Amino acid sequence: VLVVGSGFGGFHAARELERRLPADGADIVLASPDDHLTYGPLLPNVAAGVLEPRHATVALHSGLRRTRHVAGAVEELDLVDRTAVLRGADGSTRYLAWDRLVLAPGAVTRMPPVPGLADHAFSLKTLADAVTLRDHVVGQLDRADATEDPALRRAHATFVLVGAGYTGLEAAAQLWLFAHRAQAQLSRLQARDIRFVLVDVADQILPQLGSFLGRRARAVLRRRGIEVLLRTTVERVDAGVVQLSSGRVESHTLVWAAGVTAEPVVGRLGLPLTRGRLHVDENLRVTGAGGVFAIGDAAAVPDLTQPGRLTPPTAQHAERQGRAVGRNVAASLGFGTQRRYRHRDLGLVVDLGPWAAVARPLGIPLWSVPAALVTRGYHLLALPSVSGRARVLLDWLLDLVSRPQLTRVGWPRPPAPTHPTATPAEESAA
Ligand SMILES: Cc1cc2nc3c(=O)[nH]c(=O)nc-3n(C[C@H](O)[C@H](O)[C@H](O)COP(=O)(O)OP(=O)(O)OC[C@H]3O[C@@H](n4cnc5c(N)ncnc54)[C@H](O)[C@@H]3O)c2cc1C
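The numbers attached to residues start from 1 for each chain and follow its sequence in the written order. Whole-chain, interface and lining totals are the exception, using all residues; otherwise, since this is a predicted model, local features are given only for residues with pLDDT of at least 70 and side-chain atom pairs are given and counted only at 80 or more. Side-chain metrics in this entry use all non-hydrogen atoms of the structure; hydrogen atoms and water are not considered.

Draft legend 1. Region of interest: the overall build of the protein. Numbering of helices and strands starts at the N terminus; helices are DSSP runs of H or I of at least 4 residues and strands are runs of E of at least 2. When helices and strands are tallied, the protein shows 13 helices and 26 strands. The C-alpha atoms of the protein give a radius of gyration of 22 Å, which matches the 22 Å a tight globule of 430 residues would have. Its C-alpha atoms give the protein principal-axis dimensions of about 70 × 45 × 40 Å. Burial status across the protein gives 53% buried among its 430 residues. Throughout, a residue-residue contact means that at least one pair of heavy atoms, one from each residue, lies within 4.5 Å. Taking as baseline every contact in the protein between residues at least 6 positions apart, the subset at least 24 positions apart corresponds to 67%. Entry remark: accessible area of the protein is about 19,200 Å², with carbon and sulfur atoms responsible for 52%. In this tally, Asp and Glu contribute negative charge and Lys and Arg positive charge; neither His nor the terminal groups of the chain are included. For the purpose of locating charges, the reference atoms are NZ of Lys, CZ of Arg, CG of Asp and CD of Glu. Computed over 49 positive and 40 negative side-chain charges, the separation of the two mean positions in the protein equals 7 Å. It is over C-alpha atoms that the radius of gyration is taken, and the globule rule equals 2.2 Å times the number of residues to the power 0.38. Here's how the labels work: a residue is buried when its accessible area is under 20% of the maximum for its type, exposed when over 50%, partly exposed in between, all with a 1.4 Å probe on protein chains only. In short, Shrake-Rupley with a 1.4 Å probe defines the accessible areas, and a residue's cover is counted only from the protein chains shown.

Quick look at the structure:
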(Lines give C-alpha, C1' and ligand atoms only; values in the text may rest on other atoms or scores of the structure.)
Protein backbone atom coordinates (compact mmCIF):
# COMPACT_ATOMS: atom_id res chain seq x y z
CA VAL A 1 0.00 0.00 0.00
CA LEU A 2 1.48 3.35 -1.03
CA VAL A 3 0.38 6.37 1.04
CA VAL A 4 1.28 9.75 -0.48
CA GLY A 5 1.74 12.52 2.10
CA SER A 6 2.63 12.46 5.80
CA GLY A 7 0.17 15.05 7.11
CA PHE A 8 -2.91 14.41 9.23
CA GLY A 9 -4.49 12.16 6.59
CA GLY A 10 -1.44 10.16 5.50
CA PHE A 11 -0.01 9.70 9.01
CA HIS A 12 -3.26 8.35 10.45
CA ALA A 13 -3.90 6.20 7.37
CA ALA A 14 -0.50 4.51 7.76
CA ARG A 15 -1.09 4.07 11.48
CA GLU A 16 -4.47 2.39 10.90
CA LEU A 17 -3.03 0.18 8.16
CA GLU A 18 -0.34 -0.99 10.58
CA ARG A 19 -3.10 -2.02 12.99
CA ARG A 20 -5.23 -3.82 10.42
CA LEU A 21 -2.83 -5.48 7.98
CA PRO A 22 -0.72 -8.51 8.96
CA ALA A 23 2.96 -7.66 9.49
CA ASP A 24 4.20 -10.52 7.33
CA GLY A 25 1.85 -9.97 4.38
CA ALA A 26 1.69 -6.23 3.74
CA ASP A 27 4.22 -3.59 2.84
CA ILE A 28 3.13 -0.09 3.87
CA VAL A 29 5.11 2.69 2.20
CA LEU A 30 4.70 6.36 3.07
CA ALA A 31 6.05 8.75 0.43
CA SER A 32 6.56 12.33 1.58
CA PRO A 33 9.23 15.02 1.42
CA ASP A 34 8.73 15.45 5.19
CA ASP A 35 9.94 13.03 7.85
CA HIS A 36 7.16 14.24 10.13
CA LEU A 37 3.54 15.27 10.44
CA THR A 38 3.26 19.05 10.67
CA TYR A 39 0.53 20.08 13.10
CA GLY A 40 -0.78 22.95 10.94
CA PRO A 41 -3.05 24.58 13.55
CA LEU A 42 0.06 25.33 15.66
CA LEU A 43 1.95 27.13 12.86
CA PRO A 44 0.74 30.60 13.97
CA ASN A 45 2.28 29.78 17.39
CA VAL A 46 5.56 28.95 15.61
CA ALA A 47 5.45 32.15 13.54
CA ALA A 48 4.89 34.15 16.73
CA GLY A 49 7.83 32.48 18.46
CA VAL A 50 5.65 30.83 21.10
CA LEU A 51 6.52 27.29 20.01
CA GLU A 52 9.84 25.88 18.92
CA PRO A 53 9.36 24.76 15.29
CA ARG A 54 10.07 21.06 15.92
CA HIS A 55 7.48 21.03 18.69
CA ALA A 56 4.71 21.59 16.12
CA THR A 57 5.61 18.30 14.46
CA VAL A 58 5.34 14.59 15.16
CA ALA A 59 8.28 12.53 13.87
CA LEU A 60 7.15 9.65 11.65
CA HIS A 61 9.62 7.31 13.33
CA SER A 62 8.09 7.96 16.74
CA GLY A 63 4.49 7.42 15.61
CA LEU A 64 4.76 4.62 13.04
CA ARG A 65 6.24 1.21 13.79
CA ARG A 66 6.66 -0.64 10.51
CA THR A 67 5.72 1.81 7.77
CA ARG A 68 8.62 2.45 5.38
CA HIS A 69 9.12 6.20 4.84
CA VAL A 70 10.49 7.05 1.41
CA ALA A 71 11.63 10.68 1.29
CA GLY A 72 10.55 12.70 -1.73
CA ALA A 73 7.59 14.18 -3.57
CA VAL A 74 5.44 12.06 -5.86
CA GLU A 75 5.53 13.80 -9.22
CA GLU A 76 3.75 11.37 -11.54
CA LEU A 77 1.34 8.48 -11.06
CA ASP A 78 0.46 5.83 -13.60
CA LEU A 79 -2.95 4.52 -12.59
CA VAL A 80 -2.89 1.67 -15.16
CA ASP A 81 0.59 0.29 -14.41
CA ARG A 82 0.13 1.20 -10.74
CA THR A 83 3.46 2.95 -10.37
CA ALA A 84 4.60 6.29 -8.95
CA VAL A 85 7.59 8.49 -9.78
CA LEU A 86 9.15 10.05 -6.71
CA ARG A 87 11.61 12.98 -6.79
CA GLY A 88 14.05 13.23 -3.89
CA ALA A 89 15.34 16.54 -2.46
CA ASP A 90 18.68 15.83 -4.23
CA GLY A 91 16.90 15.54 -7.60
CA SER A 92 17.11 11.73 -7.69
CA THR A 93 14.21 9.72 -9.11
CA ARG A 94 12.65 6.59 -7.66
CA TYR A 95 9.91 4.36 -8.97
CA LEU A 96 7.42 2.80 -6.59
CA ALA A 97 4.83 0.13 -7.38
CA TRP A 98 1.57 -0.27 -5.49
CA ASP A 99 -1.54 -2.44 -5.24
CA ARG A 100 -3.48 0.18 -3.31
CA LEU A 101 -2.84 3.91 -3.38
CA VAL A 102 -3.90 6.45 -0.73
CA LEU A 103 -3.54 10.06 -1.89
CA ALA A 104 -3.13 12.50 1.00
CA PRO A 105 -0.80 15.24 -0.32
CA GLY A 106 -2.83 18.05 1.25
CA ALA A 107 -3.07 21.53 -0.20
CA VAL A 108 -0.86 24.42 -1.26
CA THR A 109 -1.35 28.16 -0.88
CA ARG A 110 -3.51 29.55 -3.66
CA MET A 111 -2.76 33.07 -4.81
CA PRO A 112 -4.66 35.06 -7.41
CA PRO A 113 -2.64 36.68 -10.22
CA VAL A 114 -2.16 40.01 -8.43
CA PRO A 115 0.98 41.86 -9.64
CA GLY A 116 3.88 41.36 -7.22
CA LEU A 117 1.98 39.04 -4.90
CA ALA A 118 3.89 35.81 -5.60
CA ASP A 119 7.22 37.67 -5.30
CA HIS A 120 6.56 39.52 -2.07
CA ALA A 121 3.92 37.62 -0.07
CA PHE A 122 4.69 35.27 2.80
CA SER A 123 2.57 32.12 3.21
CA LEU A 124 1.79 30.26 6.40
CA LYS A 125 1.31 26.71 5.18
CA THR A 126 4.48 24.83 6.06
CA LEU A 127 6.94 24.71 8.95
CA ALA A 128 9.50 26.53 6.78
CA ASP A 129 6.90 29.25 6.05
CA ALA A 130 6.31 29.77 9.78
CA VAL A 131 10.02 29.97 10.65
CA THR A 132 10.72 32.28 7.69
CA LEU A 133 7.87 34.56 8.69
CA ARG A 134 9.09 34.77 12.28
CA ASP A 135 12.62 35.61 11.08
CA HIS A 136 11.21 38.26 8.80
CA VAL A 137 9.12 39.87 11.55
CA VAL A 138 12.11 39.96 13.92
CA GLY A 139 14.17 41.50 11.11
CA GLN A 140 11.54 44.15 10.41
CA LEU A 141 11.28 45.12 14.08
CA ASP A 142 15.07 45.33 14.23
CA ARG A 143 15.20 47.62 11.20
CA ALA A 144 12.37 49.73 12.52
CA ASP A 145 14.30 50.17 15.75
CA ALA A 146 17.57 51.00 14.01
CA THR A 147 16.42 53.62 11.52
CA GLU A 148 16.45 57.37 12.22
CA ASP A 149 13.71 57.97 9.64
CA PRO A 150 10.23 57.95 11.27
CA ALA A 151 8.41 57.10 8.01
CA LEU A 152 10.70 54.16 7.34
CA ARG A 153 10.35 53.05 10.95
CA ARG A 154 6.59 52.96 10.59
CA ALA A 155 6.80 51.08 7.25
CA HIS A 156 9.04 48.40 8.76
CA ALA A 157 6.69 48.09 11.74
CA THR A 158 3.55 47.77 9.60
CA PHE A 159 2.25 44.27 8.90
CA VAL A 160 -0.51 43.46 6.42
CA LEU A 161 -2.29 40.12 6.62
CA VAL A 162 -4.77 38.99 4.00
CA GLY A 163 -7.53 36.52 4.85
CA ALA A 164 -9.82 36.82 7.86
CA GLY A 165 -10.42 33.09 8.25
CA TYR A 166 -8.87 31.20 11.16
CA THR A 167 -5.31 31.22 9.77
CA GLY A 168 -5.18 34.96 9.04
CA LEU A 169 -6.90 35.86 12.29
CA GLU A 170 -4.65 33.69 14.45
CA ALA A 171 -1.56 34.98 12.67
CA ALA A 172 -2.62 38.62 13.04
CA ALA A 173 -3.54 38.27 16.73
CA GLN A 174 -0.47 36.26 17.71
CA LEU A 175 2.06 38.26 15.67
CA TRP A 176 0.62 41.44 17.19
CA LEU A 177 1.31 40.07 20.68
CA PHE A 178 4.80 39.04 19.63
CA ALA A 179 5.59 42.44 18.08
CA HIS A 180 4.43 44.34 21.14
CA ARG A 181 6.30 42.11 23.58
CA ALA A 182 9.38 42.41 21.37
CA GLN A 183 9.03 46.21 21.26
CA ALA A 184 9.45 46.34 25.02
CA GLN A 185 13.00 45.05 24.49
CA LEU A 186 13.86 47.60 21.80
CA SER A 187 15.14 51.07 22.66
CA ARG A 188 13.75 53.34 19.93
CA LEU A 189 10.68 51.57 18.53
CA GLN A 190 7.49 52.74 20.24
CA ALA A 191 4.24 50.78 20.53
CA ARG A 192 2.50 53.52 18.54
CA ASP A 193 4.81 52.80 15.57
CA ILE A 194 3.49 49.24 15.24
CA ARG A 195 0.55 48.78 12.91
CA PHE A 196 -1.34 45.60 11.96
CA VAL A 197 -3.87 45.55 9.13
CA LEU A 198 -6.11 42.54 8.43
CA VAL A 199 -7.71 42.57 4.99
CA ASP A 200 -10.46 40.44 3.49
CA VAL A 201 -12.69 40.67 0.45
CA ALA A 202 -15.63 39.23 2.48
CA ASP A 203 -17.93 41.34 4.63
CA GLN A 204 -17.35 39.45 7.89
CA ILE A 205 -14.46 37.81 9.69
CA LEU A 206 -14.38 34.12 10.58
CA PRO A 207 -17.43 33.11 8.52
CA GLN A 208 -16.91 29.50 9.69
CA LEU A 209 -17.87 30.43 13.29
CA GLY A 210 -20.91 32.61 12.60
CA SER A 211 -21.53 36.29 13.21
CA PHE A 212 -21.71 36.17 17.04
CA LEU A 213 -18.23 34.69 17.53
CA GLY A 214 -16.99 36.78 14.59
CA ARG A 215 -18.00 39.88 16.57
CA ARG A 216 -16.27 38.54 19.69
CA ALA A 217 -13.07 37.93 17.74
CA ARG A 218 -13.33 41.39 16.22
CA ALA A 219 -13.64 42.91 19.69
CA VAL A 220 -10.30 41.31 20.63
CA LEU A 221 -8.69 42.77 17.51
CA ARG A 222 -10.22 46.18 18.22
CA ARG A 223 -8.87 46.21 21.78
CA ARG A 224 -5.40 45.49 20.42
CA GLY A 225 -5.70 48.17 17.76
CA ILE A 226 -5.54 45.76 14.79
CA GLU A 227 -7.28 47.42 11.83
CA VAL A 228 -9.77 45.21 9.98
CA LEU A 229 -10.50 46.21 6.39
CA LEU A 230 -13.40 44.19 4.96
CA ARG A 231 -14.69 44.27 1.35
CA THR A 232 -11.11 45.17 0.47
CA THR A 233 -8.80 43.54 -2.08
CA VAL A 234 -5.06 43.61 -2.74
CA GLU A 235 -4.43 45.30 -6.09
CA ARG A 236 -0.64 45.26 -6.30
CA VAL A 237 2.41 44.55 -4.13
CA ASP A 238 5.80 46.20 -4.52
CA ALA A 239 8.84 46.25 -2.23
CA GLY A 240 7.70 48.40 0.68
CA VAL A 241 4.18 49.14 -0.59
CA VAL A 242 0.90 47.21 -0.55
CA GLN A 243 -1.74 48.77 -2.77
CA LEU A 244 -5.21 47.93 -1.47
CA SER A 245 -8.52 48.77 -3.15
CA SER A 246 -9.07 51.20 -0.26
CA GLY A 247 -5.65 52.87 -0.44
CA ARG A 248 -1.91 52.47 -0.13
CA VAL A 249 -0.14 50.95 2.89
CA GLU A 250 3.61 51.41 3.36
CA SER A 251 4.73 47.99 4.56
CA HIS A 252 7.42 45.39 3.91
CA THR A 253 5.26 42.49 5.09
CA LEU A 254 2.27 40.91 3.43
CA VAL A 255 1.10 37.55 4.76
CA TRP A 256 -1.23 35.71 2.38
CA ALA A 257 -3.67 33.49 4.29
CA ALA A 258 -6.59 33.69 1.89
CA GLY A 259 -7.03 30.23 0.52
CA VAL A 260 -5.58 26.90 -0.45
CA THR A 261 -6.03 24.51 -3.33
CA ALA A 262 -5.25 20.80 -3.62
CA GLU A 263 -1.61 19.82 -4.22
CA PRO A 264 -0.99 20.01 -8.00
CA VAL A 265 -0.14 16.29 -8.37
CA VAL A 266 -3.86 15.46 -8.06
CA GLY A 267 -4.76 17.78 -10.95
CA ARG A 268 -2.36 15.91 -13.26
CA LEU A 269 -4.19 12.59 -12.89
CA GLY A 270 -6.93 13.40 -15.39
CA LEU A 271 -9.57 12.30 -12.88
CA PRO A 272 -12.81 14.11 -11.98
CA LEU A 273 -12.22 17.09 -9.66
CA THR A 274 -14.61 19.12 -7.54
CA ARG A 275 -13.24 22.59 -6.70
CA GLY A 276 -9.77 21.30 -7.59
CA ARG A 277 -10.07 18.36 -5.17
CA LEU A 278 -10.27 14.69 -6.20
CA HIS A 279 -13.80 13.39 -6.41
CA VAL A 280 -14.27 10.44 -4.01
CA ASP A 281 -17.26 8.37 -2.93
CA GLU A 282 -18.45 7.89 0.64
CA ASN A 283 -15.93 5.02 1.08
CA LEU A 284 -13.13 7.46 0.07
CA ARG A 285 -12.52 5.63 -3.24
CA VAL A 286 -11.47 7.88 -6.10
CA THR A 287 -14.07 7.93 -8.85
CA GLY A 288 -12.79 6.28 -12.05
CA ALA A 289 -9.61 4.70 -10.65
CA GLY A 290 -9.53 1.16 -9.24
CA GLY A 291 -7.53 0.68 -6.04
CA VAL A 292 -7.08 4.43 -5.48
CA PHE A 293 -8.34 6.29 -2.40
CA ALA A 294 -8.02 9.98 -1.50
CA ILE A 295 -8.47 11.92 1.75
CA GLY A 296 -7.86 15.22 3.48
CA ASP A 297 -7.45 18.61 1.82
CA ALA A 298 -6.76 16.98 -1.57
CA ALA A 299 -10.09 15.14 -1.66
CA ALA A 300 -13.68 16.29 -2.20
CA VAL A 301 -15.35 14.02 0.37
CA PRO A 302 -19.16 13.99 0.56
CA ASP A 303 -20.39 15.07 3.99
CA LEU A 304 -22.98 12.45 4.95
CA THR A 305 -24.08 14.56 7.92
CA GLN A 306 -25.02 17.44 5.56
CA PRO A 307 -26.16 15.86 2.28
CA GLY A 308 -25.08 17.75 -0.82
CA ARG A 309 -22.07 19.35 0.90
CA LEU A 310 -18.38 18.42 1.10
CA THR A 311 -16.42 17.98 4.31
CA PRO A 312 -14.37 21.16 4.96
CA PRO A 313 -10.57 21.01 4.58
CA THR A 314 -9.69 20.74 8.27
CA ALA A 315 -7.27 18.71 10.34
CA GLN A 316 -10.17 17.12 12.18
CA HIS A 317 -11.60 15.61 8.98
CA ALA A 318 -8.21 14.69 7.50
CA GLU A 319 -7.28 12.73 10.63
CA ARG A 320 -10.57 10.85 10.75
CA GLN A 321 -10.54 10.22 7.01
CA GLY A 322 -7.04 8.78 7.50
CA ARG A 323 -8.34 6.27 10.00
CA ALA A 324 -11.39 5.48 7.82
CA VAL A 325 -9.30 4.96 4.70
CA GLY A 326 -6.95 2.64 6.60
CA ARG A 327 -9.95 0.51 7.47
CA ASN A 328 -11.35 0.56 3.93
CA VAL A 329 -8.04 -0.19 2.22
CA ALA A 330 -7.49 -3.15 4.57
CA ALA A 331 -11.04 -4.33 3.80
CA SER A 332 -10.36 -4.11 0.06
CA LEU A 333 -7.44 -6.50 0.64
CA GLY A 334 -9.62 -8.96 2.56
CA PHE A 335 -9.06 -7.77 6.15
CA GLY A 336 -12.19 -6.46 7.86
CA THR A 337 -15.17 -4.64 6.41
CA GLN A 338 -15.60 -1.31 4.65
CA ARG A 339 -17.40 1.57 6.33
CA ARG A 340 -18.72 4.83 4.87
CA TYR A 341 -16.99 7.98 6.07
CA ARG A 342 -19.34 9.85 8.34
CA HIS A 343 -18.22 12.36 10.96
CA ARG A 344 -20.13 15.15 12.60
CA ASP A 345 -17.93 18.22 12.89
CA LEU A 346 -16.74 18.80 16.47
CA GLY A 347 -16.40 22.54 15.84
CA LEU A 348 -13.56 24.96 15.35
CA VAL A 349 -11.14 26.61 17.78
CA VAL A 350 -9.27 29.85 17.08
CA ASP A 351 -6.28 30.79 19.26
CA LEU A 352 -5.83 34.57 19.57
CA GLY A 353 -3.15 34.56 22.28
CA PRO A 354 -2.60 32.88 25.62
CA TRP A 355 -5.86 34.03 27.22
CA ALA A 356 -7.95 34.96 24.20
CA ALA A 357 -9.75 32.67 21.77
CA VAL A 358 -13.09 31.96 20.17
CA ALA A 359 -14.36 28.41 19.79
CA ARG A 360 -17.49 26.45 19.04
CA PRO A 361 -16.93 22.97 20.50
CA LEU A 362 -19.95 20.73 19.79
CA GLY A 363 -21.98 23.80 18.79
CA ILE A 364 -21.42 25.69 22.08
CA PRO A 365 -20.12 29.25 21.49
CA LEU A 366 -17.19 30.12 23.77
CA TRP A 367 -14.88 33.14 23.94
CA SER A 368 -12.22 34.66 26.17
CA VAL A 369 -10.51 32.48 28.82
CA PRO A 370 -12.90 29.45 28.62
CA ALA A 371 -12.39 29.36 24.85
CA ALA A 372 -8.62 29.72 25.29
CA LEU A 373 -8.55 26.76 27.70
CA VAL A 374 -10.69 24.63 25.38
CA THR A 375 -8.59 25.65 22.34
CA ARG A 376 -5.25 24.79 23.84
CA GLY A 377 -6.63 21.71 25.60
CA TYR A 378 -8.02 20.48 22.29
CA HIS A 379 -4.69 20.88 20.51
CA LEU A 380 -2.87 19.06 23.31
CA LEU A 381 -5.27 16.13 23.12
CA ALA A 382 -5.23 16.07 19.31
CA LEU A 383 -1.42 15.86 19.09
CA PRO A 384 -0.73 12.17 18.42
CA SER A 385 2.33 12.00 20.71
CA VAL A 386 2.57 12.13 24.52
CA SER A 387 6.06 13.65 24.56
CA GLY A 388 4.93 16.09 21.88
CA ARG A 389 2.12 17.26 24.16
CA ALA A 390 4.59 17.83 26.99
CA ARG A 391 6.88 19.90 24.74
CA VAL A 392 4.01 22.10 23.54
CA LEU A 393 2.67 22.58 27.07
CA LEU A 394 6.12 23.56 28.37
CA ASP A 395 6.59 26.04 25.50
CA TRP A 396 3.21 27.63 26.30
CA LEU A 397 4.07 27.91 30.00
CA LEU A 398 7.53 29.30 29.27
CA ASP A 399 6.01 31.88 26.94
CA LEU A 400 3.78 33.10 29.79
CA VAL A 401 6.71 33.85 32.08
CA SER A 402 9.51 34.84 29.71
CA ARG A 403 10.20 37.52 27.12
CA PRO A 404 10.26 36.56 23.44
CA GLN A 405 13.69 35.67 22.10
CA LEU A 406 14.57 38.08 19.31
CA THR A 407 16.88 35.76 17.42
CA ARG A 408 16.66 35.04 13.73
CA VAL A 409 17.40 31.46 12.69
CA GLY A 410 18.62 32.81 9.36
CA TRP A 411 16.85 30.40 7.02
CA PRO A 412 16.67 31.50 3.42
CA ARG A 413 13.19 32.35 2.25
CA PRO A 414 11.56 29.33 0.53
CA PRO A 415 11.16 29.78 -3.23
CA ALA A 416 7.87 31.28 -4.39
CA PRO A 417 5.28 28.56 -5.07
CA THR A 418 5.46 27.30 -8.66
CA HIS A 419 1.69 26.98 -8.79
CA PRO A 420 0.61 30.28 -7.32
CA THR A 421 -2.40 31.25 -9.32
CA ALA A 422 -6.01 30.23 -9.00
CA THR A 423 -8.10 29.68 -12.11
CA PRO A 424 -11.14 31.91 -12.47
CA ALA A 425 -13.27 28.80 -11.75
CA GLU A 426 -11.50 28.19 -8.45
CA GLU A 427 -11.78 31.84 -7.54
CA SER A 428 -15.51 31.86 -8.01
CA ALA A 429 -15.90 28.53 -6.19
CA ALA A 430 -13.98 29.97 -3.23
C1 LIG B 1 -1.69 27.93 9.60
C2 LIG B 1 -2.74 26.85 9.58
C3 LIG B 1 -3.68 26.80 10.59
C4 LIG B 1 -4.66 25.81 10.58
N5 LIG B 1 -5.54 25.75 11.61
C6 LIG B 1 -6.46 24.76 11.65
C7 LIG B 1 -7.35 24.64 12.74
O8 LIG B 1 -7.32 25.44 13.67
N9 LIG B 1 -8.23 23.59 12.73
C10 LIG B 1 -8.25 22.67 11.71
O11 LIG B 1 -9.04 21.72 11.76
N12 LIG B 1 -7.44 22.77 10.67
C13 LIG B 1 -6.54 23.78 10.60
N14 LIG B 1 -5.68 23.88 9.54
C15 LIG B 1 -5.88 23.00 8.39
C16 LIG B 1 -5.24 21.65 8.58
O17 LIG B 1 -3.89 21.79 8.96
C18 LIG B 1 -5.36 20.88 7.27
O19 LIG B 1 -6.73 20.77 6.94
C20 LIG B 1 -4.78 19.49 7.41
O21 LIG B 1 -3.39 19.58 7.65
C22 LIG B 1 -5.03 18.66 6.14
O23 LIG B 1 -4.44 17.40 6.30
P24 LIG B 1 -3.87 16.62 5.02
O25 LIG B 1 -3.35 15.33 5.53
O26 LIG B 1 -4.87 16.61 3.93
O27 LIG B 1 -2.67 17.54 4.49
P28 LIG B 1 -1.38 18.04 5.23
O29 LIG B 1 -1.52 17.91 6.70
O30 LIG B 1 -1.10 19.39 4.66
O31 LIG B 1 -0.25 17.03 4.76
C32 LIG B 1 0.15 16.90 3.42
C33 LIG B 1 1.42 16.08 3.38
O34 LIG B 1 1.68 15.69 2.05
C35 LIG B 1 3.01 15.99 1.70
N36 LIG B 1 3.05 16.19 0.26
C37 LIG B 1 2.66 17.26 -0.45
N38 LIG B 1 2.83 17.05 -1.76
C39 LIG B 1 3.34 15.80 -1.88
C40 LIG B 1 3.73 15.00 -3.00
N41 LIG B 1 3.63 15.44 -4.26
N42 LIG B 1 4.22 13.77 -2.75
C43 LIG B 1 4.32 13.30 -1.49
N44 LIG B 1 3.96 14.02 -0.40
C45 LIG B 1 3.47 15.24 -0.60
C46 LIG B 1 3.32 17.23 2.52
O47 LIG B 1 4.70 17.43 2.63
C48 LIG B 1 2.65 16.85 3.83
O49 LIG B 1 3.46 15.99 4.57
C50 LIG B 1 -4.69 24.86 9.53
C51 LIG B 1 -3.76 24.92 8.52
C52 LIG B 1 -2.79 25.89 8.53
C53 LIG B 1 -1.74 25.93 7.43
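Draft legend 2. Molecular detail of the site of the ligand. Here a residue is considered near a molecule or strand provided that any single heavy atom belonging to it is located within 4 Å of it. Lining the immediate environment of the ligand, one finds 32 residues, of which G9, D34, V74, D297 and A315 sit closest. Each polar contact in these results corresponds to two N or O atoms within 3.5 Å; when the atoms are within protein, one needs to be able to donate a hydrogen and the other to accept it, and residues that are neighboring in sequence are counted only if both atoms are side-chain atoms. At 2.7 Å from an oxygen atom of the ligand is found a side-chain nitrogen or oxygen belonging to D34. For the ligand, an oxygen atom lies 2.9 Å from a polar atom in the backbone of A315. Across the complex, the protein chains shield 90% of the 1,000 Å² of accessible surface that the ligand would expose by itself. Elements that contribute at least two residues to the shell around the ligand include exactly helix 1 (8-20), strand 2 (29-32), strand 6 (73-78), helix 7 (166-183) and helix 10 (315-332). Among the elements that line the shell around the ligand, the one with the most residues is helix 10, at three residues.

Draft legend 3. Just the packing of helix 1 against helix 10, in detail. Running from N to C, helix 1 and helix 10 cross one another at 30°; their axes reach a closest spacing of 7 Å. Once helix 1 is placed against helix 10, the crossing between them reads as right-handed. Of the residues in helix 10, those touching helix 1 at F8, G9, H12, A13, E16, L17 and R20 are A315, A318, E319, G322, R323, V325, G326, R327, V329 and A330. Throughout this entry, Asp, Glu, Lys and Arg are counted as charged residues, while Ala, Val, Leu, Ile, Met, Phe, Trp, Tyr, Cys and Pro are counted as nonpolar. The remaining residues, Gly among them, count as polar. When its residues are assigned to classes, the contact of helix 1 with helix 10 shows eight nonpolar, four polar and five charged. Helix axes use the C-alpha atoms of the stretch in contact, all axes being lines fitted to C-alpha atoms, and the angles between their N-to-C directions lie in the range 0 to 180 degrees. Two helices that cross are described as forming a left-handed crossing if the nearer one is turned anticlockwise from the farther one by less than a right angle, and a right-handed crossing if clockwise.

Draft legend 4. Just the pattern of salt bridges, in detail. The salt bridge criterion pairs a side-chain nitrogen of Lys or Arg with a carboxyl oxygen of Asp or Glu, the two atoms within 4 Å. On inspection of all chains with the given rule, the structure shows 13 salt bridges. The shortest N-O distance in the salt bridge between R323 and E319 comes to 3.0 Å. Of this pair, R323 and E319 both sit in helix 10, four residues apart, which is roughly one turn of that helix. A network of salt bridges, in which partner residues are shared, links E16, R19 and R20.

Draft legend 5. Structural context of the sheet that holds strand 21 (residues 277-279). Here we have three strands laid out as an open sheet, ordered 20-21-23, and mixed in their pairing. On the outer flanks of this sheet lie strand 20 (273-274) and strand 23 (299-300), each paired with one strand and no other. Sheet analysis places strand 21 next to strand 23, joined by two bridges and oriented parallel. Across the sheet, residue L278 finds its bridge partner in strand 23, namely A299. By the convention used here, strands pair only if DSSP detects at least 2 bridges between them.

Draft legend 6. A look at the nonpolar core. Here, the term nonpolar core denotes a set of buried Ala, Val, Leu, Ile, Met, Phe, Trp, Tyr and Cys residues that are joined through side-chain atoms within 4.5 Å. Counting residues in each nonpolar core, the largest one holds 111 residues, and the members touching the most others are L2, V102, L103, L141, L169 and F196. The dominant element in this core, judged by the number of residues it contributes, is helix 7, at nine residues. Counting 15 residues, the second largest nonpolar core, distinct from the first, contains V114, V162, V197 and V249.

Draft legend 7. Region of the structure containing the sheet that holds strand 6. Read from one edge of the open sheet, three strands run 6-7-8, paired in antiparallel fashion. Whereas interior strands pair on both sides, the edge strands pair on one side only; in this sheet they are strand 6 and strand 8 (93-97). Direction aside, the axes of adjacent strands within the sheet are offset by 25° on average. Of the pairings in the sheet, the one linking strand 7 (residues 83-87) to strand 8 comprises five bridges and is antiparallel in character. Across the sheet, the residue bridging to A84 is L96, located in strand 8.

Draft legend 8. Focus on the packing of aromatic side chains. Ring geometry is summarised as follows: Phe, Tyr and Trp rings, the Trp one being its six-membered ring, pair when their centres sit within 6.5 Å, and such pairs are stacked at plane angles under 30 degrees, edge-to-face over 60 and tilted between the two. Counted according to the given criterion, the structure contains three aromatic pairs. Considering the side-chain rings of F212 and W367, the 5.3 Å spacing of their centres and the 75° angle between planes classify their relative orientation as edge-to-face. Remark: W367 occurs in strand 26 (residues 366-367) and F212 occurs in helix 8 (residues 210-224); sequence separation between them is 155 residues. Sitting above the plane of the W367 ring, R216 keeps its charged end 4.2 Å from the centroid. Any Lys NZ or Arg CZ that is within 6 Å of a ring centre and within 35 degrees of that ring's normal is treated as a charge sitting over the ring.

Draft legend 9. Quick look at the environment of L86. Inspection of the secondary structure puts L86 in strand 7. For L86 and V70, which are 16 residues apart along the polypeptide, the C-alpha to C-alpha distance reads 8.8 Å. Not counting residues up to four positions away in its chain, the partners in contact with L86 are A31, V70, A71, G72, A73, V74, S92, T93, R94 and L96.

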